[in-house]
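Examination of the molecular architecture
Now for the letters of each chain:
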Amino acid sequence: MRFFSLAWRNVLRHRERNGFTLVAIALGVAALTVAWALFDGSNAQMVDNMTGHYTGHVQVHRAGYVNDPSLERTFGADELPTLPATLREALGGESGRLEASALASAGDHARGVRVVGVDATREPTVTALGRRMVQGTYLDHRSPGDIVLGRALARALGVELGSMIELRAQGAGGHMRVARYRLQGIYDTGSDDVDSRQAFIALADAQALLLAPGVLSTLVLRLHDRQATESVATQLRAVLGPAFEVHGWPALLPEVAQSIAFHETVGYGVMALLFGIVAIGVANTLWMSVLSRRSEFGVMLALGTRPSQVFVTLLWEGGLIGVLGSLGGLAAGSAVAAWAGHSGLSFDGTAQALQSLQGATSTLHPQVRASRLVSLGGGVLAVSVLAALYPAWRAARLTPWQALQGLSPGSWTRRGLFHRLFGGSSGGRTDGVGAPSGAPAPSAAWWWTLAWRNLTRHPSRTGLTVLALIFGLGAFIFLASFATGYQAQIVNNATSLLSGDAQLQHPDFQATLQPRLTLPDGPRLLAWLPQLQRVVAASPRVQAVAVLNSAMRSERVMMLGVDPVREPDVTSLSRTLVAGRYLRRDDDQVIVIGRRLAQLLDAGVGTQVMLTAQGAQGLLASQAYTVVGLFDTGSQGFDQAVAHVPLAGAQRLLQLDEAFHSIGLRLADRAQAAATLQGIRALMSAPRVKLLTWQALLPEVARMSRVIQQVLGLLLAIVFAMVCGMVLNTVLLSLSERRRDFATLLALGGRPVQIVRLVLFEAGALGVVGAIGGAVLGTVLSWGARVHGISLRTHAVSAMPGTTDIVYPQLTLPVVLWPALSLPLVVMLVCLVPAMQAAPRRPVRALHWG
C-alpha cells in the first residue's frame, strides 16, 4: 500500500496538470456512457415493442414455415408434445395463432394487411396489445365477427369504431375467401410499422376465413427473461424434434437484430477512439510528470530506492488517473442517463426517422447497464496502466547522476533526435520574445519559428500532444467518412430504387394513396419536363397497395405501374435483376418481383400470379400476370414488398384510362433538387400539381440523414474537447516552467501582448501539425477502407432497409477540411486564458511565485 499512498500524494501534488487530464477522461467516459445508455434503451424499446405487441420472444412453427408460410404447413395444438417442467417455468405465457396476408377494404379505401387470428383469452399473456387500445376494446371470444386495427391502418382505411371492414384472403386449396368484420377497437403502439400492417381477429374467425378449422400456423411464447431466448429455443428444438422449427426474436425480427448490431459497432468504434485518446493523454501527463520530477527521482535513487519501485509508483499513478477519470465520467454519465431514462427523451423532430427502424418510438428512455459500466471503467483503467508503462520504464532507467543533472536516458535529450530534426539554433541572439538585437519588428513567420523552437525544447512532451491531436482528428475523419458513406448509400438506394430524385403528383396522393387521385394534365407535363435543363429523365407511374397471389399463397405488395422504356432512366431496379428480364414496351400482363417475394410465394420466372387492388371507382379488381424477372437489391424489406408491372396494364387494372398518379424525375444534381423544383414551380401553370423532393417522398430517410449529422457533430465536439484538454495540459506545464523567464522579460521592458502572442502561436503550431497529420491519417484510413468496404452483414440477415451489406466510406472535402481548419483555431482559443495569465502586469509576482 505504500506505493499506492505515494502515488496518491503525487497525483494530488499536481492538481492543475492532472486535473485537465482527469476532466478530459471524465468527459469522454460520460459521453460514451450516455451514448451506450441511448443505444441500449433504443434497442430494448425496439425489442420490447415488437415482441410485446406482435412476435413474442419465441415462436414455434411447422418445419419450413418461415421460408414457406403456407396453410399447408399448419398444425393442430394436439400435435405438440408436453413440455418439461423446466421449460414451463421459463414461460410467462403462450398463445396459438393463424396468420395470412389479406386485402382489407372499406368504402373506396383498401390496404394490404397481415391478418392475425388470435385466441382472445390467451393472447394477452404473450402480447400487451390489449393494453394499448386508444378507442374501443380488445377482442372478446364471446363476440365473434370483430376486428382490431392499429391507428395508422384505421386512418388509411378511413374507418372508425363500428365500421364494417372487408377482408379478402386466399384460403386452403387456393380458394379466394371474403368476409366482413366490425371494427371493435383501435390500438396505438407508438410505432407506425406495427400500427399500419396488422389486423387482428378471433382465432375461430380466421380459421373460418381461411378454411382451416382447428389448426394453427404459430405458437407464440413469452418468457419471464428475454435474455434466455436462445437457451429456451435450443431446449424447445430438442423437445419438439425435426417436425417443428423454433425461432427466437432475433431471427423473427432481422431488421431489429441488424439495428442492434449496428449500434454495437458504432459504440465499440467510439469506445476505441476514446481509449486511444485516453492512452495518449495519460502517457502525456505521466511523461510530463517524469520530466518535472527528474531531480526528485535522482534523490530517491541516490538514497537507495530501487528502479522497480519507481516503476511501480508511476504505474499506480497512471491507474489512479484512469480510475478517478472513469469514476467521475461514469457517475456523471449515469446520472444524466438515469434522469433521461426516468423522464424520457422526445425526438418528435426525428420521429419518422426513428420509426423507420422496426419498433422504435419517438420517445426514448436510456437504460444504464451495469455490464457497460464495468467494461468501460475496466477498459479505461487497463488503457491507463498500459499507457503508463513507457513513462514508468523511462523513469526507472534513470541513473542518479542523469536525474540530478536534469537529463533523460538515451537520445531523447534536449539535443536528441527530435530536436536535431526539428529544432536548431535561431541563427542569432534574441532578447527573449523580441527580435534579434537591432533587427526590425518580428514578422508572423518569425513568431511561428520561435514558437516551434520552444515546443521542440521538450520533444517527447510535444510529440505525445501532437499524437493525441493526430489520432483524435484522424479517427473522427474516418468515422465521419464511414457515416457519410452510410448516409449516401441510404439516399442513393432509396431514390434510385423507389422514388427518384423528385416527383410530381396530386397534392393529396402521398397521404392517402387513393387510386382516383391522378395527376392533372399528366401527359402534357410529361412531354414538357424533359425540355428543362436540370431534368435528366422523367417517367410516369401508377401506384397502389395490392395483394399478390400465387396458386397457394398471397402477400401484401406495393404495385408500381411503370413505363418500361422511361423508368430505367429514373430508377435502377432493372439493373438489380438476378433472374429473367425486365419489362419491355410490348409487354402486357407480366410482372417483375423481388427474389424474397418469389420465395414467399413459391414462384419463379414463368409462374402465373394474381394481383388484386382497389380501382379508381372503389371496386376491387384482379388481373393475372406472368413473372418474367426477379430482382435482388440487398434489402429484404424492399425485395418482399415491391412489384413492377407495365404502366398500361396497371392503368387497366385500376380503371384509370391513360391517367397516372405521378411522374418520377431524375435530376442533374440531386443536391440542387430544391432549387430545381422552385424553377419548375415558377414555369408550371397546373394548380393541382405538387412537386416533392426526395426528402418529402422519403421523410424517414431525410430525417435519418439529419440524425447522422447530429451524431457526427456531437462526436466532433467530444473529440475536440478531449484533445484540447491534452493541449491545455501541455501548455500549462510549459508556462509554469517558464514563468520566471516571462517575468524577467516583462521586467526588462517586454510587453504582455508579446507573451500572449507567443503562447498562442505555440498552441497554433500544435494545432496545425495535428490538423495536417490527422487529415493525412483519416484520409489514408478512409481510402483504405473504401477499397473493400466495411461489412454490416451480421446474424446472417440482409442489411437494414435502404442500405446494402457493404458500406463504402465516402471521403468528402468538407469532412476533412472543416475539422482540420477548426482544430488550430479551437486549440488557440482554449489556450487564450492561460496565455493571458502567463503575462502578469506585475513581474514581481511571477518572480516571487517562481
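Everything discussed here concerns the structure shown above.
As a starting point, this report considers the structure included with it. Values in this document were obtained by computation on a predicted structure and should not be read as measured data.

Reading the values: the criteria
Here the residue numbers are simple positions, counted from 1 along each chain's written sequence. The predicted origin of the model limits local features to residues at a pLDDT of at least 70 and limits the giving and counting of side-chain atom pairs to 80 or more, whereas totals for whole chains, interfaces and linings rest on all residues. Note: side-chain values were computed over all heavy atoms of the structure, leaving out hydrogens and water. By the criteria applied, helices consist of DSSP H or I runs no shorter than four residues and strands consist of E runs no shorter than two, each listed in order from the N terminus. Each residue is assigned to one of three classes by its accessible area relative to the maximum for its type, calculated with a 1.4 Å probe on protein chains only: buried under 20%, partly exposed between the two thresholds, exposed over 50%. Site definitions follow a grid-based scheme: protein atoms alone, a 1 Å grid, a 1.4 Å probe that fits but cannot get out for cavities, and for pockets an open set with protein on both sides within 12 Å along at least five of seven lines, plus lining residues having an atom within 4 Å of a point. Grid points are joined across faces, edges and corners, and a volume is the space filled by probe spheres set on the points. Here the term charged refers only to Asp, Glu, Lys and Arg, the term nonpolar to Ala, Val, Leu, Ile, Met, Phe, Trp, Tyr, Cys and Pro, and the term polar to all other amino acids, Gly among them. Here, a salt bridge means any side-chain nitrogen of Lys or Arg that lies within 4 Å of a carboxyl oxygen of Asp or Glu. A pair of Phe, Tyr and Trp rings is counted when the ring centres sit within 6.5 Å of each other, with Trp represented by its six-membered ring. The angle between the planes then sorts it: under 30 degrees is stacked, over 60 is edge-to-face, the rest tilted. Throughout this description, the term nonpolar core refers to a set of buried Ala, Val, Leu, Ile, Met, Phe, Trp, Tyr and Cys residues connected via side-chain atoms within 4.5 Å. The contact definition used throughout considers only heavy atoms, calling two residues in contact when any of these lie within 4.5 Å. Orientation is described by lines fitted to C-alpha atoms, with helices fitted over the stretch in contact, and by angles between N-to-C directions that extend from 0 to 180 degrees. Each angle gets one of four labels, with under 35 degrees taken as roughly parallel, over 145 as roughly antiparallel, 65 to 115 as roughly perpendicular, and the rest as oblique. Each helix crossing is assigned a hand: it is left-handed if the near helix lies turned anticlockwise from the far helix by less than a right angle, otherwise right-handed if that turn is clockwise. Think of a polar contact as two N or O atoms within 3.5 Å of one another; within protein, one of them needs to be a possible hydrogen donor and the other a possible acceptor, and neighboring residues in sequence only count if both atoms come from side chains. By this rule, a helix spans an expected 1.5 Å times one less than how many residues it contains. Patch rule: a residue counts if its relative accessible area is over 30% and it has no salt bridge; like charges are joined within 9 Å, and nonpolar side chains (Val, Leu, Ile, Met, Phe, Trp, Tyr) within 5 Å. All accessibility values rest on the Shrake-Rupley procedure with a 1.4 Å probe; residue burial counts only the protein chains present in the view. Strand pairing is defined by DSSP finding a minimum of two bridges between the two strands.

**What about the overall build of the chain?**
Along its length, the chain carries 31 helices and 24 strands. Burial statistics for the chain: of 850 residues in total, 56% are counted as buried.

**With respect to the layout of surface pockets**
To find the voids left in a structure, one rolls a probe of water-molecule size over its atoms. The calculated volume of the second largest pocket comes to roughly 450 Å³. Along the wall of the second largest pocket there are 18 residues; nearest its centre are Val-47, Arg-226, Gln-227, Trp-249 and Ile-260. For the lining of the second largest pocket, the secondary-structure elements that each account for two or more residues are helix H2 (15-55), helix H7 (229-240), helix H8 (249-252) and helix H9 (254-292). Across the lining of the second largest pocket, the residue classes tally to seven nonpolar, five polar and six charged.

**A closer look at the pattern of salt bridges**
Enumeration over the complete set of coordinates arrives at 17 salt bridges. Between Glu-230 and Arg-237 there is a salt bridge, and its shortest N-O distance comes to 3.6 Å. Members of the salt-bridge network, linked through shared partners, are Asp-40, Arg-369 and Arg-372.

**Observations regarding the packing of aromatic side chains**
As enumerated under the stated definition, the model contains four aromatic pairs in all. Relative to Phe-200, the ring of Tyr-54 has its centre 6.5 Å away and its plane inclined at 75 degrees; by these criteria the two rings are edge-to-face. One end of the pair, Tyr-54, is in helix H2; the other, Phe-200, is in strand E8 (residues 198-202), and 146 residues separate them in sequence. Residues Phe-631 and Phe-638 carry aromatic rings whose centres are separated by 6.0 Å and whose planes lie at 55 degrees to one another, so their mutual orientation is tilted. Of the two residues, Phe-631 and Phe-638, both sit in the buried class.

**Concerning the nonpolar core**
Among the nonpolar cores identified, the biggest contains 73 residues, and Leu-274, Val-278, Leu-376 and Leu-823 are the most heavily contacted of them. In this structure, Leu-376 is in contact with Val-29, Leu-32, Thr-33, Met-271, Leu-274, Phe-275 and Leu-330, ignoring residues within four places of it in sequence. Grouped together as the second largest cluster of nonpolar side chains are 44 residues, Leu-83, Ala-154, Leu-183 and Leu-221 included.

**What to know about the environment of Gln-510**
Along the polypeptide, Gln-510 turns up in helix H18 (residues 509-512). On a C-alpha basis, the gap between Gln-510 and Leu-697 in space is 7.9 Å, while along the polypeptide they are 187 residues apart. If we skip the residues at most four places from it in the chain, Gln-510 touches Gln-505, Leu-692, Ala-696 and Leu-697.

**Things to note about the environment of Val-605**
In this fold, Val-605 is placed in the loop between helix H21 (595-601) and strand E18 (608-614). We classify Val-605 as partly exposed; its relative accessible area is 47%. Residues Val-605 and Ile-591, 14 residues apart in the sequence, show an inter-C-alpha distance of 9.6 Å. Apart from the residues lying within four places of it in its own chain, the contact partners of Val-605 are Ala-579, Gly-580, Val-627, Val-628, Gly-629 and Leu-630.

**Looking at the packing of helix H10 (residues 294-302) against helix H11 (residues 307-343)**
The N-to-C vectors of H10 and H11 enclose an angle of 140 degrees; their axes lie 10 Å apart at closest approach. With respect to H11, the axis of H10 lies oblique. In this structure, H10 uses Phe-297, Met-300 and Leu-301 to contact H11, whose residues at the interface are Pro-307, Val-310 and Leu-314. In terms of residue class, the contact of H10 with H11 is built from six nonpolar, no polar and no charged.

**A short note on the packing of helix H28 (residues 752-788) against helix H29 (residues 813-830)**
Orientation of H28 relative to H29, taken along the N-to-C sense of each, is 160 degrees, at an axis distance of 7 Å. Taken together, the axis directions place H28 and H29 in an arrangement best described as roughly antiparallel. Crossing handedness for the pair H28 and H29: right-handed. Between H28 and H29, the residues in contact are Leu-760, Ala-763, Gly-764, Gly-767, Val-768, Gly-770, Ala-771, Ala-775 and Thr-779 and Val-816, Ala-820, Leu-823, Pro-824, Val-827 and Met-828, respectively. Per-class residue counts for the contact of H28 with H29 are 11 nonpolar, four polar and no charged.

**A closer look at empty space enclosed by the protein**
Summed over the entire model, instances satisfying the criterion amount to seven cavities of 30 Å³ or more. In this structure, the largest cavity encloses a volume near 130 Å³. Along its surface, the largest cavity is lined by 16 residues, and Pro-69, Ser-70, Glu-99, Ala-100 and Ser-554 are the ones closest to its centre. Of all the secondary structure elements, the ones that give two or more residues to the lining of the largest cavity are strand E2 (91-106) and strand E15 (554-562). Here the lining of the largest cavity takes four residues from E2, the largest share from any one element.

**A closer look at the side chain of His-61**
Examined against the element boundaries, His-61 turns out to sit in strand E1 (residues 58-62). Given a relative accessible area of 2%, His-61 falls into the buried group. Among the polar contacts made by the side chain of His-61, one reaches the side chain of Gln-59 at a distance of 3.0 Å.

**Looking at the side chain of Asp-563**
Topologically, Asp-563 is positioned in the loop between E15 and helix H20 (567-570). Within the structure, Asp-563 has its side chain in polar contact with the backbone nitrogen of Val-565 (distance 2.9 Å). Other than its neighbours up to four places away in sequence, Asp-563 contacts Ser-539, Pro-540, Pro-568 and Leu-647.

**Things to note about helix H17 (residues 459-499)**
Helix length check: H17 (41 residues) gives 57 Å between terminal C-alpha atoms against 60 Å at 1.5 Å per residue, within 8%. The element H17 is largely enclosed, with a buried count of 34 among its 41 residues. Looking one or two residues past H17, Gly-500 carries a phi angle of roughly 80 degrees, positive in sign.

**Description of a nonpolar patch on the surface**
Residues Trp-448, Val-768, Ile-772, Val-776 and Val-780 make up a contiguous nonpolar surface patch of roughly 440 Å² in combined accessible area. Tracing the backbone through its elements, the reader meets Trp-448 in helix H16 (residues 444-455).

**A word on the environment of Gly-107**
The residue Gly-107 is located in the loop between E2 and strand E3 (109-118) in this model. Here Gly-107 falls in the exposed class, since its relative accessible area comes to 67%. Excluding residues within four positions of it along the chain, Gly-107 makes contact with Gln-614 and Gly-618.

**Describing the pairing of E8**
The buried count for E8 comes to five of five residues, which makes it a mostly enclosed element. As judged from the five bridges shared by E3 and E8, these two strands associate in the parallel manner. Directly across from Gly-117, in E8, lies its bridge partner Ile-201. Examined bridge by bridge, strand E5 (residues 146-150) and E8 share three bridges and lie antiparallel to one another. Looking at E8, one finds that Ile-147 is bridged to Ile-201.

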